[in-house]
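# Observations on chain architecture
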Amino acid sequence: MVSSISRRKLLLRTVQISVGGALASAVAATAGAAECVDLKAMDAGEQSTRTELHWAAMTPNPQQPCSKCGFFMATSADCGQCMIFNGPTTPSGHCDSWAAKS
Ligand code: SF4
């Protein structure tokens, strides 16, 4: 029985560490996105284009991040330039114009 409780505690601790790591990564990605793309600094036209193309700093499709898009050019580890928007985007971002790199 003692062994069973220990396994439960170990499993719980493992889950807590995994969730904590995932949250830390998400927070870091969000912080990186905020530093890369400042939507408030963009004019209405730029913001409108991003809205129309459903741009997101974090892709809803892990298979299609900006970093794997043919229109993306990395400028740093946390930021890049999108040729469609002619502006910044995050490597983890996404929009409707995503096209695989050739
Ligand atoms: S076209 Fe869209 S998916 Fe491709 S780099 Fe630009 S924002 Fe990202």
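Above: the structure in question.
Just so it is clear, the model here is predicted, and its values are computed rather than measured.

Take the packing of aromatic side chains next. Across all of its chains, the model carries zero aromatic pairs by this definition. Sitting above the plane of the Trp 55 ring, Arg 50 keeps its charged end 5.0 Å from the centroid.

What the rule picks out here adds up to one disulfide. Each sulfur in the disulfide pair Cys 36 and Cys 79 lies 2.0 Å from the other. Where Cys 36 bonds to Cys 79 through sulfur, the torsion about that S-S bond is close to 70 degrees, and the disulfide is right-handed. Here Cys 79 lies in the loop between β1 (72–74) and β2 (80–82) and Cys 36 lies in helix α1 (residues 2–36), a separation of 43 residues in the sequence. Cys 79 carries the same exposure label as Cys 36, and that label is buried.

On to the side chain of Arg 50, then. Within the secondary structure, Arg 50 sits in helix α2 (residues 44–52). Here Arg 50 is buried and forms no salt bridge, its nearest opposite-charge partner Glu 46 lying at an N-O distance of 6.3 Å. Beyond its immediate sequence surroundings of up to four residues, Arg 50 is in contact with Val 37, Leu 39, Met 42, Trp 55, Phe 85, Gly 87 and Pro 88.

Let us look at unusual backbone geometry. Its identity as a non-glycine residue notwithstanding, His 54 has a phi of 55 degrees, on the positive side. The residue His 54 is located in the loop between α2 and β1 in this model. Judged by its relative accessible area of 53%, His 54 falls in the exposed class. With a phi close to 50 degrees, Asn 86 is a non-glycine residue in the positive phi region.

A word on the sheet that holds β1. Strands pair in a sheet through their backbones, by hydrogen bonds, and they do so in one of two ways: parallel or antiparallel. Read from one edge of the open sheet, three strands run β1-β2-β3, paired in antiparallel fashion. Both outer strands of the open sheet, β1 and β3 (87–89), are each paired with one neighbouring strand and no more. On average, adjacent strands in this sheet sit at an angle of 40 degrees to one another, irrespective of strand direction. Of the pairings in the sheet, the one linking β2 to β3 comprises three bridges and is antiparallel in character. Residue Gly 80 lies in a different strand from β3, and its bridge partner there is Thr 89.

What follows is about the site of the ligand. In the vicinity of the ligand, the contacting residues are Trp 55, Cys 66, Cys 69, Phe 71, Phe 72, Cys 82, Ile 84, Phe 85, Cys 95, Ser 97 and Trp 98. In terms of residue class, the shell around the ligand is made up of 10 nonpolar, one polar and no charged.

Conventions used here
- Residues numbered from 1 in each chain as written.
- Predicted model: local features only at pLDDT ≥ 70, side-chain atom pairs only at ≥ 80, totals over all residues.
- Heavy atoms only, no water.
- Phe/Tyr/Trp six-rings, centres within 6.5 Å; stacked < 30°, edge-to-face > 60°.
- Lys NZ or Arg CZ within 6 Å of the ring centre and 35° of its normal.
- Disulfide = S-S within 2.5 Å.
- Helix = DSSP H or I, 4+ residues; strand = E, 2+ residues; numbered from the N terminus.
- Buried < 20%, exposed > 50% of the residue type's maximum accessible area, 1.4 Å probe, protein only.
- Lys, Arg positive; Asp, Glu negative; His and termini not counted.
- Salt bridge = Lys/Arg side-chain N within 4 Å of Asp/Glu carboxyl O.
- Contact = heavy atoms within 4.5 Å.
- Pairing = 2+ DSSP bridges.
- Axes fitted to C-alpha atoms, helices over the stretch in contact; angles between N-to-C directions.
- Near = heavy atom within 4 Å.
- Nonpolar A, V, L, I, M, F, W, Y, C, P; charged D, E, K, R; others polar.

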